[in-house]
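Here is what each chain is made of, one letter per residue.
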Number of protein chains: 2
Amino acid sequence: MIERIRLESLRDKVTTAENAAQIIKNGMVVGTSGFTKAGDSKAVLPALAEKGKTEDLKITLMTGASLGHGTDGKLAEAGVLAKRMPFQVDPILRKKINEGEILFIDQHLSESAEILHGKTKLDVAIIEAAYIDRDGSIVPTTSVGNSVTFAAMAKKVIIEINTQVPEEVYGIHDIYQAEDYPHRNVIPIVAPWNKIGRKTIPVDPDKIEAIVFTNVKDSPADIAEPDHKTTAIAKHILRFFENEVKEGRLTDRLLPLQAGIGKVANAVLTGFKHSNFYDLTMFSEVLQDSTFDLIDAGVLSFASASSVTVSKECYERVFGNLSKYRDKFVLRPQNISNTPGLIRRLGIIAINTAIEFDIYGNVNSTHLVGTKIMNGIGGSGDFARNAYLSIFVTQAASKENKVSHVLPMVSHTDHTEHDVDILVTDVGLADLRGLAPRERAQTIIDNCVHPDYKEELQSYFDRACRRGGHTPHLLEEAFSWHMRFSETGTMKKDK
Amino acid sequence: MIERIRLESLRDKVTTAENAAQIIKNGMVVGTSGFTKAGDSKAVLPALAEKGKTEDLKITLMTGASLGHGTDGKLAEAGVLAKRMPFQVDPILRKKINEGEILFIDQHLSESAEILHGKTKLDVAIIEAAYIDRDGSIVPTTSVGNSVTFAAMAKKVIIEINTQVPEEVYGIHDIYQAEDYPHRNVIPIVAPWNKIGRKTIPVDPDKIEAIVFTNVKDSPADIAEPDHKTTAIAKHILRFFENEVKEGRLTDRLLPLQAGIGKVANAVLTGFKHSNFYDLTMFSEVLQDSTFDLIDAGVLSFASASSVTVSKECYERVFGNLSKYRDKFVLRPQNISNTPGLIRRLGIIAINTAIEFDIYGNVNSTHLVGTKIMNGIGGSGDFARNAYLSIFVTQAASKENKVSHVLPMVSHTDHTEHDVDILVTDVGLADLRGLAPRERAQTIIDNCVHPDYKEELQSYFDRACRRGGHTPHLLEEAFSWHMRFSETGTMKKDK
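Residues numbered from 1 in each chain as written. Chains lettered and ligands numbered in written order. Predicted model: local features only at pLDDT ≥ 70, side-chain atom pairs only at ≥ 80, totals over all residues. Heavy atoms only, no water.

*Asks:* Would you mind showing me how to read the overall build of chain A here?
*Replies:* Counting secondary structure elements, chain A contains 16 helices and 26 strands. Whereas a compact globule of 495 residues would reach a radius of gyration of roughly 23 Å, chain A reaches 23 Å, a difference of no more than 12%. Within chain A, the fraction of its 495 residues that count as buried is 68%. For chain A, long-range pairs separated by at least 24 residues make up 74% of all intrachain contacts whose partners lie at least 6 apart in sequence. Element-wise, carbon and sulfur atoms account for 49% of the exposed surface of chain A, whose accessible area totals about 16600 Å². Across chain A, the centroid of the 58 positively charged side chains sits 0 Å from that of the 65 negatively charged ones. (Helix = DSSP H or I, 4+ residues; strand = E, 2+ residues; numbered from the N terminus. Rg over C-alpha atoms; globule rule 2.2 N^0.38 Å. Buried < 20%, exposed > 50% of the residue type's maximum accessible area, 1.4 Å probe, protein only. Contact = heavy atoms within 4.5 Å. Areas by Shrake-Rupley, 256 points an atom, 1.4 Å probe, with all protein chains shown as cover. Lys, Arg positive; Asp, Glu negative; His and termini not counted. Charge placed at Lys NZ, Arg CZ, Asp CG, Glu CD.)

Pasting the structure below:
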């Protein structure tokens with residue numbers, strides 16, 4: 001175990017999680033590893049939650065993205081979080097955010113580290129490592145996230161060495177950081193498989209104040225079996241891709257794929273298994289089970305992301321056979337995996353999930369009824385804005401069809417119509433490329449709306465058009481479906 | 001005159017604008033030079049408008065950005081435009097767009113050329129040139145816009161040689177185009193003054209079907225003298241920059257500036273004349289009078305953009321003394337001047353104008369009362385999303401204070417709160433960096449709102465907070481100020 005600290009002078013820094021947590025004081029800004037549950041702090045943050053139960057302790061917590069093991073919930077419940085950024089998926093934390101008890105900054109994941117170059121200063125970084133190399137640099141585990149920036153900017157660093165992670169992960173990371181302004185240079189990636197950086201995260205050994213050993217795996221990803229809706233959405237998308245190939249706009253290799261987390265992404269990727277597409281690549285933020293299934297099926301050649309978030313079975317498959325997979329994927333800092341310039345340069349096909357979209361193609365990815373946040377924008381904005389093709393998916397209706405996910409106007413805008421090329425529901429696909437707002441509206445109504453809502457949506461649009469405008473709306477009715485749902489529990493009108 | 005066609009074999013292509021306009025047939029897609037009134041078609045498009053008066057002629061017209069000389073209005077009036085993209089500023093065209101008579105696609109200027117790699121195919125390009133070089137390539141004039149893509153993608157090319165433009169403009173353009181997917185490479189610009197391309201626009205001489213001579217200058221920019229509101233806004237911004245320097249986050253050189261068109265940009269740039277800032281640079285889309293004033297004052301070292309749109313006086317000053325200015329500025333294609341990767345890499349400080357913004361910092365740049373478009377998003381999204389600092393400005397109130405430009409909720413979202421760092425009105429400046437939505441709201445109410453509206457906006461926010469949510473809103477009241485204005489002509493409540 002102690003051999004995982006290869007810089008021997010650091011071995012006397014080994015301590016307990018409880019002791020390490022003492023480094024963190026009231027009012028501090030703390031940055032920790034962890035991106036979509038992968039590679040998060042498994043000992044010190046939980047110890048901090050315990051500590052917070054009995055003392056006055058409020059911190060600002062930054063991560064890569066979401067944490068696993070219910071840690072965000074424990075911290076929220078203990079009252080330790082004053083402010084949290086840039087992403088979360090925890091129901092307890094979410095509740096406290098929506099109650100206004102915890103402040104949350106919902107940020108583009110490519111930009112979240114930039115805040116540390118501004119007014120916010122990082123006090124402590126907590127970073128999960130497979131081991132510490134001889135030069136004191138860190139070999140990260142199942143994600144990279146913001147750890148490179150955190151290690152560079154924090155005054156003090158705590159390292160959690162997770163002995164569950166094989167030391168053979170050395171080499172699966174590509175650690176590169178852009179220079180500070182005004183001397184920032186080109187990021188020389190022109191294909192998903194390019195590796196341009198170091199293998200370890202540099203850190204000044206003098207800043208390492210504590211090292212804690214852990215032996216806990218990442219929270220496994222929830223298994224999301226395709227259902228009839230996600231299967232329908234996936235079919236629409238695959239048929240669309242096939243047609244793009246037929247029209248000569250794409251080849252059977254497509255372009256590098258990005259897929260958000262969840263059922264639909266899994267269903268689409270699974271669909272590729274039984275298709276003519278080959279030699280596919282991914283340039284995404286998270287790699288899920290479906291990525292490794294496609295690698296195994298010989299359909300996907302290479303995948304780039306910031307984390308591996310997979311089921312228990314898939315975790316064993318990948319990290320138990322790293323020699324088989326190590327030349328097939330790479331993990332990068334999130335300000336590289338999600339950076340606008342690379343997404344534009346590589347021509348990404350981005351598939352992300354919407355909560356709702358409106359007749360003009362504006363997308364809400366984050367808020368329920370305009371006010372309550374679900375998770376956060378994550379990387380969807382980084383990808384949607386800069387992708388070659390920006391695809392958003394959602395079910396047409398849910399809750400026994402009491403909720404329509406296609407609406408007159410979104411109650412919160414995360415992605416404007418300028419950034420949305422293709423919308424897909426289980427009902428169908430709307431190709432909005434080259435269409436003006438009034439054309440977009442009719443295409444969406446014709447192709448994506450659940451039949452129960454089609455007539456009323458058409459009526460809204462027709463009446464709005466009669467009133468005029470480039471983007472016709474009836475402001476007094478724009479949110480009437482949301483308000484009806486709040487009042488009556490259904491978006492449906494009384495007949 | 002004929003010497004401006006240096007490839008002699010092309011000299012028999014010279015014809016009249018009327019003849020050249022005959023090349024354009026009903027249903028065609030036409031792409032023309034012209035970016036913020038600079039370097040537009042001055043003969044063939046007006047001839048097309050004439051032709052449209054007597055025959056069945058409907059085209060899709062793409063440009064760089066807006067056209068001068070009322071050409072868009074003439075085309076709209078003649079019924080020639082079926083669809084127009086990606087930007088316009090013409091009152092007649094605007095009216096017809098808002099009446100639903102002409103379809104308009106409002107696009108990020110960096111992305112507008114990409115549409116031609118998709119489903120839309122370009123039939124004819126019309127490009128203004130200073131001259132045609134010996135290899136048949138084009139020396140553009142006062143803008144580059146989308147001309148490089150148009151020349152490459154169009155089946156037929158019409159060139160307008162403008163003898164008002166001195167041939168010495170050769171060399172002020174940096175003509176570079178990214179490769180097609182999946183072979184797109186790095187754009188190797190790391191500073192505004194880097195030149196990475198050719199000096200002329202390549203075009204296959206066999207595609208050149210007509211050459212027309214013109215002798216008309218660009219429409220001059222409207223002179224926008226600073227008033228007390230724009231002066232106040234400029235002061236707030238300059239004071240902010242001074243403080244950033246004091247805090248060590250910026251130096252006296254700042255970072256490359258982008259400024260949208262208009263009074264405020266002019267007022268801010270003029271403010272730099274009497275400041276401690278030096279060796280400034282611009283990486284923008286349009287260069288206005290203030291740019292050249294700052295160059296003359298020795299404060300600005302270099303400016304990069306896609307066009308020069310200046311007053312009559314400034315036009316003479318610059319294009320009559322090119323030897324003085326030629327190493328001080330460069331004109332690029334708009335998919336280089338506005339490309340996300342460069343904006344992020346260079347760390348741009350972006351200053352753009354809003355029509356309205358809301359308490360959470362969402363910005364509407366394009367629509368009146370949620371439905372009627374003014375001009376279009378232009379490059380503001382390209383810059384705001386990727387900038388180091390994204391600043392939006394507007395007056396706090398207008399029309400004898402009957403309209404508040406700070407509102408409970410914007411009626412149309414062009415820039416989401418994720419992309420807005422600083423908001424400024426004549427009342428004050430709100431620094432939103434590192435703030436959660438509820439903090440943003442209070443900061444905006446405290447600093448930016450006109451006194452006549454402060455109490456009501458505070459009341460809205462307070463009541464929304466009591467209802468809860470990460471982004472508290474009262475959906476039933478969110479647009480009440482807009483609706484009150486539509487009904488009564490003022491946003492003020494009866495007292």
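Having seen it, we continue.
*Asks:* I'm lost on the relation of the copies chain A and chain B in this one. Help?
*Replies:* Superposition of the two copies of the chain requires a rotation about an axis together with a shift along that axis. Superposition of chain A onto chain B requires a rotation of 180° combined with a translation of 0.0 Å along the rotation axis, giving an RMSD of 0.0 Å. Both chain copies can therefore be described as sitting about a two-fold axis. When C-alpha distances to the rotation axis are compared across chain A, the minimum falls at Gly 341 of chain A, with a value of 1.7 Å. When you check the interface residues of chain A against chain B, 100% turn up at the interface there too, and the contact is symmetric in its surfaces. (Least-squares fit on C-alpha atoms with pLDDT ≥ 70 in both.)

*Asks:* For this particular structure, what's the right way to read the UniProt feature "domain: Acetyl-CoA hydrolase/transferase N-terminal" (unreviewed entry) in chain A?
*Replies:* The UniProt record annotates "domain: Acetyl-CoA hydrolase/transferase N-terminal" (unreviewed entry) at residues 10–212 of chain A. Between the end C-alpha atoms of residues 10–212 of chain A there is a gap of 12 Å, over a span that is 19% helix and 18% strand. (UniProt positions renumbered as here; feature names shortened; annotations may be inferred.)

*Asks:* Which parts of the structure should I look at to understand the side chain of His 415 of chain A?
*Replies:* Residue and element names in this part refer to chain A. Along the chain, His 415 turns up in the loop between strand 24 (406–407) and strand 25 (422–424). Given the relative accessible area of 1%, His 415 is considered buried. A distance of 3.0 Å separates the side chain of His 415 from the side chain of Ser 365, its partner in a polar contact. Within the structure, His 415 has its side chain in polar contact with the side chain of Ser 380 (distance 3.0 Å). Setting aside chain neighbours within four positions, we find His 415 in contact with Gly 361, Asn 362, Val 363, Ser 365, Ile 377, Ser 380, Gly 381, Ala 384, Phe 392 and Val 420. (Polar contact = N/O pair within 3.5 Å; in protein donor to acceptor, adjacent residues only side chain to side chain.)

*Asks:* Help me understand the domain arrangement of chain A in this model?
*Replies:* For an interface, size is often stated in terms of accessible area lost upon the parts coming together. Residue and element names in this part refer to chain A. Segmenting chain A into domains produces domain 1 (2–214) and domain 2 (228–488). Of note, the centres of domain 1 and domain 2, computed from C-alpha atoms alone, are 29 Å apart. At the interface, 47 residues of domain 1 touch 43 residues of domain 2. Buried area between domain 1 and domain 2, summed over both chains or domains, comes out near 3600 Å², and the portion from carbon and sulfur atoms is 59%. For the domain 1 face of the interface with domain 2, the top three residues by lost area are Ser 110, Ile 172 and Pro 192, together amounting to 18%. Remark: the boundary between domain 1 and domain 2 carries one salt bridge. When the shortest N-O distance is used, the salt bridge between Asp 174 and Arg 332 registers 2.9 Å. (Domains from an automatic or database assignment. Buried area = accessible area lost by both parts, 1.4 Å probe. Salt bridge = Lys/Arg side-chain N within 4 Å of Asp/Glu carboxyl O.)

*Asks:* Teacher, can you tell me more about the interface of chain A and chain B here?
*Replies:* Of the residues lining the interface, 75 residues belong to chain A; the matching set on chain B comes to 75 residues. Of the roughly 6100 Å² buried between chain A and chain B on both sides combined, carbon and sulfur atoms contribute 57%. On the surface where chain A and chain B come into contact, there are four salt bridges. Residues Lys 83 of chain A and Glu 439 of chain B are paired through a salt bridge, measuring 2.8 Å at the closest nitrogen-oxygen approach. The interface formed by chain A and chain B holds 31 residue pairs in polar contact (both at pLDDT 80 or more) in total. Looking at the side of chain A that touches chain B, the elements with two or more residues in it are helix 4 (91–98), strand 4 (103–104), helix 12 (340–346), strand 20 (372–373), helix 13 (380–386), helix 14 (437–447) and helix 16 (480–488) of chain A.

*Asks:* Would you mind showing me how to read the sheet that holds strand 3 (residues 81–85) of chain B here?
*Replies:* In sheet architecture, strand pairing relies on hydrogen bonds along the backbone and comes in two forms, parallel and antiparallel. Residues and elements named next belong to chain B. Strand order in the open sheet formed by seven strands is 4-3-2-1-5-8-9, and the pairing between neighbours is parallel. What marks the edges here is a single partner per strand, and that holds for strand 4 (103–104) and strand 9 (208–214). In this sheet, strand 5 (residues 124–129) lies alongside strand 1 (residues 29–32) in parallel orientation, the contact comprising three bridges. The residue bridging Gly 31 from the neighbouring strand is Ala 125, located in strand 5. Against the sheet, helix 2 (residues 44–54) touches strand 1, strand 2 (59–62), strand 5, strand 8 (156–162) and strand 9, its axis set at about 115° to strand 8. (Pairing = 2+ DSSP bridges. Axes fitted to C-alpha atoms, helices over the stretch in contact; angles between N-to-C directions.)

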